[in-house]
Amino acid sequence: MGKLFVGVDLGGTKIYTALADETGTILKEIIVGTEANKGPEQIVEKIKSSIRNVLEDINIDDIKAIGIGSPGPLDIKNGLIAEPANLPFKNYNIVKEIKDEFNVPVYLDNDANVATLAEFKFGAGVNTENMIYVTASTGVGGGAILNGKIYRGSTANALEVGHTTISTTGRRCGCGNRGCVEAMTSGTAIKKAAIEALESRVETSLREYENISAKEVFIEAEKGDKVANEILSEALSYLGAAISNYANIFDPDMIVIGGGITGGGKIVFDKINDEMKKRCLGTILNNCKIEKAKLEGQAGVLGAIALAMMETK
């Protein structure tokens, strides 16, 4: 048997662990609840138990490395999960803990970077050399592959694309700044804009819903509701402008877009492409492809596997 890799996608609500071969084919997988409220020790024990589960009947000598993707902030150089918003860790050395347990190399990176690696290695970005990944959902995040390698920056916090400024007078972001891409274009931003509309006297079919989210805005926009279409036009124009900026900065072969916003379908990509035609330099525009992410629910775990592979080359 060839060398095998283990990936762990650590999230606030679930831990997804998988065993894969050198092609990224998942051979065994398990998903368990994180139960973050029970503390860091039980989370680490769940990770260990999940790894043992996928390694059942496998010779540990066949395991080349383990990769872990986690929400940040992280100290990747020292293997630490610093203090994520939705996990009870504080400067916890997860790499040492797992390495001591299984006696194989262990690598850690943030969830946006591993999703980027997944799309580059196994998804839409296969055969690219320079690729930007943007995920637009509840928030907006991203990552970059430059000259075939993940780009992390000096503190391993590069590509915080959601917190680049797209409007100096725009909506207040959770980070405290005004006009961040996340504050203007995310699913959360679309929901807030819909709620603001409903608090006015404007006529809109969005009033038919007891609870409103970005999903309902997309549904009603497709039916022709004027207000829903105005909300999406503004949010997606900002997203397209942001992606145009990333294209002009990095000159990539491809920008891969993932996250819940892409579920909105053709309107999303039409708007992004329209903005890019307005804003990108011609040579960059003609070279850069815009593609929908392929891996979605498996991006985290396949990215952790890709991390393990690429770090042990």
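The structure we're discussing is the one just above.
All of the points below concern the structure found in this document. Everything numeric in this text was worked out from a predicted model, so none of it was measured. (Residues numbered from 1 in each chain as written. Predicted model: local features only at pLDDT ≥ 70, side-chain atom pairs only at ≥ 80, totals over all residues. Heavy atoms only, no water.)

**With respect to the packing of helix α3 (residues 111-121) against helix α10 (residues 299-311)**
(1) Moving on: Relative orientation of the contacting elements α3 and α10 amounts to 80 degrees, with a least axis distance of 7 Å. Comparing the axis directions of α3 and α10 gives the class roughly perpendicular. Two secondary-structure elements touch here, α3 through V114, A115, L117, A118, F120 and K121 and α10 through A299, G300, L302, G303, A304, A306, L307, M309 and M310.
(2) Moving on: Across the contact of α3 with α10, the residue classes break down as 12 nonpolar, two polar and one charged. (Axes fitted to C-alpha atoms, helices over the stretch in contact; angles between N-to-C directions. Helix = DSSP H or I, 4+ residues; strand = E, 2+ residues; numbered from the N terminus. Parallel < 35°, antiparallel > 145°, perpendicular 65-115°, else oblique. Contact = heavy atoms within 4.5 Å. Nonpolar A, V, L, I, M, F, W, Y, C, P; charged D, E, K, R; others polar.)

**Examining the layout of surface pockets**
(1) Moving on: Put simply, the largest pocket is a space of about 1400 Å³.
(2) Moving on: Considering the residues around the largest pocket, the lining is formed by 42 residues, among which P71, D111, A112, T135 and G141 are closest to the centre.
(3) Moving on: Elements represented by at least two residues in the lining of the largest pocket include exactly β1 (4-10), α3, β9 (131-136), β10 (140-146) and α10.
(4) Moving on: Looking at which element gives the most residues to the lining of the largest pocket, the answer is α3, with five residues.
(5) Moving on: Tallied by class, residues from the lining of the largest pocket come to 17 nonpolar, 19 polar and six charged.
(6) Moving on: Taken together, T138, G139, R171, R172, C173, G174, E182, A183, S186, T188, A189 and K192 make up the lining of the second largest pocket.
(7) Moving on: Among the elements of the structure, α4 (181-185) and α5 (187-198) are those that each provide at least two residues to the lining of the second largest pocket. (1 Å grid on protein atoms, 1.4 Å probe; cavity = no way out; pocket = protein on both sides within 12 Å on 5 of 7 lines; lining within 4 Å. Points joined across faces, edges and corners; volume = space filled by probe spheres on them.)

**Regarding the environment of S167**
(1) Moving on: Within the secondary structure, S167 sits in the loop between β11 (149-150) and α4.
(2) Moving on: C-alpha separation for the pair S167 and T116, spaced 51 residues apart in sequence, amounts to 26 Å.
(3) Moving on: Those residues in contact with S167, other than ones at most four positions away along the chain, are R178, G179, M184 and Y238.

**Considerations on helix α7 (residues 226-250)**
In an α-helix, one turn spans 3.6 residues, which is why side chains three or four residues apart end up on the same side.
(1) Moving on: Taking 1.5 Å of rise per residue, the 25 residues of α7 would be expected to cover 36 Å, and the 36 Å separating its terminal C-alpha atoms lies within 8% of that figure.
(2) Moving on: Capping the start of α7, D225 holds a side-chain oxygen 3.3 Å from the backbone nitrogen of V227, two or three residues further along.
(3) Moving on: Where α7 terminates, the next one or two residues include D251, which has phi positive at roughly 50 degrees. (Expected span 1.5 Å × (residues − 1). Polar contact = N/O pair within 3.5 Å; in protein donor to acceptor, adjacent residues only side chain to side chain.)

**Some thoughts on empty space enclosed by the protein**
(1) Moving on: Summed over the entire model, instances satisfying the criterion amount to one cavity of 30 Å³ or more.
(2) Moving on: Size it by volume and the largest cavity reaches roughly 40 Å³.
(3) Moving on: Every residue along the wall of the largest cavity is listed here: R171, M184, A189, I190, A193, I231, E234 and A235.
(4) Moving on: For the lining of the largest cavity, the secondary-structure elements that each account for two or more residues are α5 and α7.
(5) Moving on: Taken together, the residues that form the lining of the largest cavity break down as six nonpolar, no polar and two charged.

**Structural notes on the packing of aromatic side chains**
(1) Moving on: Counting across every chain of the model gives one aromatic pair.
(2) Moving on: Measuring from ring centre to ring centre gives 5.2 Å for F89 and Y92, while their planes differ by 65 degrees; the resulting arrangement is edge-to-face.
(3) Moving on: Residue F89 is classed as buried on the basis of its relative accessible area, which comes to 2%. (Phe/Tyr/Trp six-rings, centres within 6.5 Å; stacked < 30°, edge-to-face > 60°. Buried < 20%, exposed > 50% of the residue type's maximum accessible area, 1.4 Å probe, protein only.)

**Regarding the nonpolar core**
(1) Moving on: I190, I243, I255 and I290 are the most contacted members of the largest nonpolar core, which has 44 residues in total.
(2) Moving on: Where this core is concerned, the elements lending two or more residues are β9, β10, α4, α5, α6 (214-222), α7, β12 (254-258) and α8 (266-279). (Core = buried A, V, L, I, M, F, W, Y, C linked by side-chain atoms within 4.5 Å.)

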